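Fold and contact review
Chain by chain, the residues:
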Amino acid sequence: MTAEPRAAADRRTFIPLDPSLAPPGTRAFRDAGGIPADRWHADQNGETLVPTHCCFCGVQCGMYLRVDRGGKVFGVEPRNHDINRMRLCPKGINAYQQVNHPDRLTAPLMRRSRDEEFREVSWDEALDFTVAEVKRIQQAYGNDAFGLLGGASLFSEKTYLVGKFARVALKSRHVDYNGRLCMVSAAGANKLAFGIDRAGNPFSDILLTDCLLIAGSNVGECFPVMTQYVWGARDRGASLIVVDPRETAIARTADIHVALKPGTDSAFFTSVLNVVIAEGLTDENFLAAHATGWEEVKAKAAEYPPSRAARICGIPAEQIVQVARTFARAPKAMAWHARGIEHHSQGVENCLSVISLCAATGHIGKPGAGYGTITGQGNGQGGREHGQKSDLLPGGRSITNPEHRRQICEIWGIEESELPPAGTSMMEMVWQMQRREIRGLIGICNNPFVSLPNYRVVKEGYDATEFHAQFDFFLSETAANAHVVFPVTTWAEDEGVMANAEARVVKHNKAQDPPPGVRTDTWVMCELARRLGAGDKFDFSGSRAVFDELRTASAGTVNDYYGITYERLEETGGIAWPCPSTDHPGTPRLFEDGSTYHPDGKIHLQVVEWHPPMDPYDDEHPMSLTTGRTVAHFLSGNQTRRLGALVEQTPRPWAEIHPSHGFRNGEPVRIVTRRGSEVFPALVTEAIRPDTVFVPYHWPVPTAANALTIDALDPRSKIPEYKVCACRIEHADRIDEVPAPPVAPGHVAYPETQVSRTDPLPPTSPQGRGTSERS
Amino acid sequence: MMGRTIFIDPGRCIGCQACVSACRECDSHRGTSMIHLDYTDEGHSVASLPTVCMHCEDPVAPCAEVCPADAILVTADGVVQQADTTRCIGCANCVNACPFGVPKIDLGAKLQLKCNLCYDRTAYGLAPMCATVCPTGALFYGTVEELQAERPGVQVADTFVFGETEVRTGVAMVVPAEKVRWPVPGGLPVVEINGKDVRR
């Protein structure tokens, strides 16, 4: 067909835009050349683009926040940062709407008992009441009766302060964080095998690989921007293996999709190793030079022939052979995993079995070859590096190591006898609250009422506390249980650093001043410390001062941040730790010289034995319930359930069920576990195993997946077993009400327009991502 | 085919609706998205597909052809603009004429709204918002050479068949190299009709 001349000439001439009237944002954007600038400026319309990063997942996409001439954030502009190269997911695009959201808390809320209503009080009154309650509880029951729970969406400076505040100001051993619910299994496995707790390779290495194995990671929905690397690898001929009980968007186009039964991952990977060994595909030279424990691992793998693993995992044995050959024969292969294999009572073992596979095939420490774990929260990686985790001190030091304790006490200016011992994990702290061993709690940047398993236990635990304070910028379900709620800043109202899934430290910049009445978490912690009598240890003017102490406190450790400065981060767009000096380029890829961070420089391979999930199947509960995320929402949904576009995209949870059960799409079904039951609309799809049902977890009761999940923990990482519990499905009469979003869907800054399409509204999508675009 | 345009690659779409959100954020019709995100094989697969305005070239923009108010203009570089607000009478002729179901009508304002390829951005050398943010590259903005440099061997088609009518568009779709060789009713792209390569 020949190209005809355009028939536009008979129409009124279109008048091109006047170049002198650059559209908002773009002029400043062009001036910046897409490169982070150390100083940004307003364009002629008075708009400023502030370079920063997304507040949500562990990819940490670069973005510009659009700030109007009044100093208010009102939009987002893509940013050509190394990590995301302009890409953003729907959460990132809409994140800015929470900054000036009408639901923002702008004054401290307080009540003396849970029977009372909240009332707005002055900062002095809220702080004084909190300090008085801390003192009362600690004097009556001991210092450890008061606990602190932090969060992995906080900047690293704040997570450092959380650990220091608990141990120096509260003098309590009980501090932990919600990253405990995130990637601690991978962290534990990496520490055991490599002596370092981070991914081995940067995202960009994915583009260089020949075989990409993605295990237990719904990359398309949980880390959408990472898919550009996956598709990039595919463009260059890499094969893709996806291990997931569901056909996710990534699994849909994989060369091999292993839809195994939830809770059987380590049996699968050990069996893959069995085939690798049997077919002589191991890299014996690499193992001899760089690994210990190989003979023991090899002997254990012999116990998992494909025929046995196929029965355990509910997959064809041939698939195990196929995966082994594809992965081991690839010149360069990588394995990335996430919560799908980590959220288990054998989460550490699952990760170790992947590491053994990488090591046995020699796919470690090379461009395009290695392993990685994808962090769920923005600072899931950095959040535990500087002392927020119950067993860690800053710099990843162990709280049980006398030398490490001495080093930190020296920096903090306290006696070693004053530094408390290790505490317990987040879920264990809730059990202690239930038993009234912990009677007071401060929560910062977390929402356990939605995010912890077995909601009934969590509610009982929190209800049993005599005093509960929460830092947040929205009134979360957990904050609604508190006695005091401190209104704190969003990520756009303060500066600080986060470490993404590659262990690349990036800097977030302040885009606007906080609303009147709102303070930074740093200010609140320092003020509480001052009133508790530890003010001299918390004399920080802001994030930069905290970061400088953090850098010093991490110097010489594996997690060395000393060479990372705010100025360098703004110049480079991010530096991967370890970075021991200010002229060190950082360490994007580990083990390039073949040496790990153990004293002997070897990979310490660990024997893994598969065991069934903690919640046994029986005739009453024959199916697996597994949980996860949807692309429109983030963690407990406290932030994204308030943003109109995201609520419209995925307004409520659902139960994803295979057609073989005979339910109709949209029909109410009751999911029953040993913890309780809830009703969801069925989403009938062949994209899930017949013996498995999936429910996303972002919503509170009465549609909370975590009212059903089991609070069994991995014995080493203490991560809950979110990804598998026994359940059954029943017909139900009606679907439970979903709590209305706190504000009507719609944009904050712009009035809704009434728009209609001529075709009818599309039905619920097969993925269960709520609705298609409907306007 | 236009020099720089959008290429749609359904094989890469993960159904995340970043394009839908991004379209809401672009300045030409802020607050309303002009993208449809469809799930093509419900109940069987998670496959999804974004539809943006295809900026029809031949026959030239059916929406513009049928507009009684001459409100829909086509730029010299082939971008079919959304209706001129000073002319549009909200009659919805364009909605009925569009073979891809793209234009929408703001009933309250009696105005048509559609994708104008982010003219406010493309005129200044930036990509449209949807293609800029698309996390997977399912929406790609550039020339076909740029696309093929990034994705070796990729094939594209810009001809669609609706019954007896062929429509050639300014926006193109990535097609499987070996699989699509016949016209499919309902607007799927084709590269070959009756043995003839229709991709010019």
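Described in the following lines is the structure provided in the data block. (Residues numbered from 1 in each chain as written. Chains lettered and ligands numbered in written order. Predicted model: local features only at pLDDT ≥ 70, side-chain atom pairs only at ≥ 80, totals over all residues. Heavy atoms only, no water.)

Thoughts on the overall build of chain A
Within chain A, the regular secondary structure consists of 23 helices and 29 strands. Burial status across chain A gives 67% buried among its 775 residues. Taking the contacts inside chain A whose residues are at least 6 apart along the sequence as the reference set, 73% of them involve residues at least 24 apart. As displayed, chain A has an accessible area near 24800 Å², and 50% of this comes from carbon and sulfur atoms. (Helix = DSSP H or I, 4+ residues; strand = E, 2+ residues; numbered from the N terminus. Buried < 20%, exposed > 50% of the residue type's maximum accessible area, 1.4 Å probe, protein only. Contact = heavy atoms within 4.5 Å. Areas by Shrake-Rupley, 256 points an atom, 1.4 Å probe, with all protein chains shown as cover.)

A look at the packing of aromatic side chains
Under the criterion given, the structure shown has 24 aromatic pairs over all chains. For the pair Phe129 of chain A and Phe467 of chain A, a centre-to-centre distance of 5.6 Å together with 80° between the ring planes defines the contact as edge-to-face. Of this pair, Phe129 of chain A sits in helix H3 (residues 123–141) while Phe467 of chain A sits in strand E17 (residues 467–472), and the two are 338 residues apart along the sequence. Of the two residues, Phe129 of chain A and Phe467 of chain A, neither departs from the other in class, the shared state being buried. On the basis of an interplanar angle of 55° and a centroid distance of 6.4 Å, the ring pair of Phe7 of chain B and Phe140 of chain B is categorised as tilted. With a gap of 133 residues between them, Phe7 of chain B in strand E1 (residues 5–8) and Phe140 of chain B in strand E7 (residues 139–142) connect regions that are remote in the sequence. Residue classification places Phe7 of chain B among the buried positions, given a relative accessible area of 1%. (Phe/Tyr/Trp six-rings, centres within 6.5 Å; stacked < 30°, edge-to-face > 60°.)

Some words on the nonpolar core
Counting residues in hydrophobic clusters, the biggest one holds 120 residues, and the most contacted among them are Phe165, Leu213, Phe268, Phe486 and Phe538 of chain A. Ranked by residue count, the leading element in this core is helix H15 (residues 347–360) of chain A, at nine residues. Ignoring sequence-local partners within four residues, the contact set of Leu213 of chain A consists of Ile241, Val243, Phe269, Val323, Phe327, Met334, Ala335, Trp336 and Leu357 of chain A. In terms of nonpolar packing, the next biggest core, distinct from the first, is built from 82 residues, Phe155, Ala492 and Ala705 of chain A together with Ala22 of chain B among them. (Core = buried A, V, L, I, M, F, W, Y, C linked by side-chain atoms within 4.5 Å.)

Function-wise, these values are silent; they only describe arrangement.
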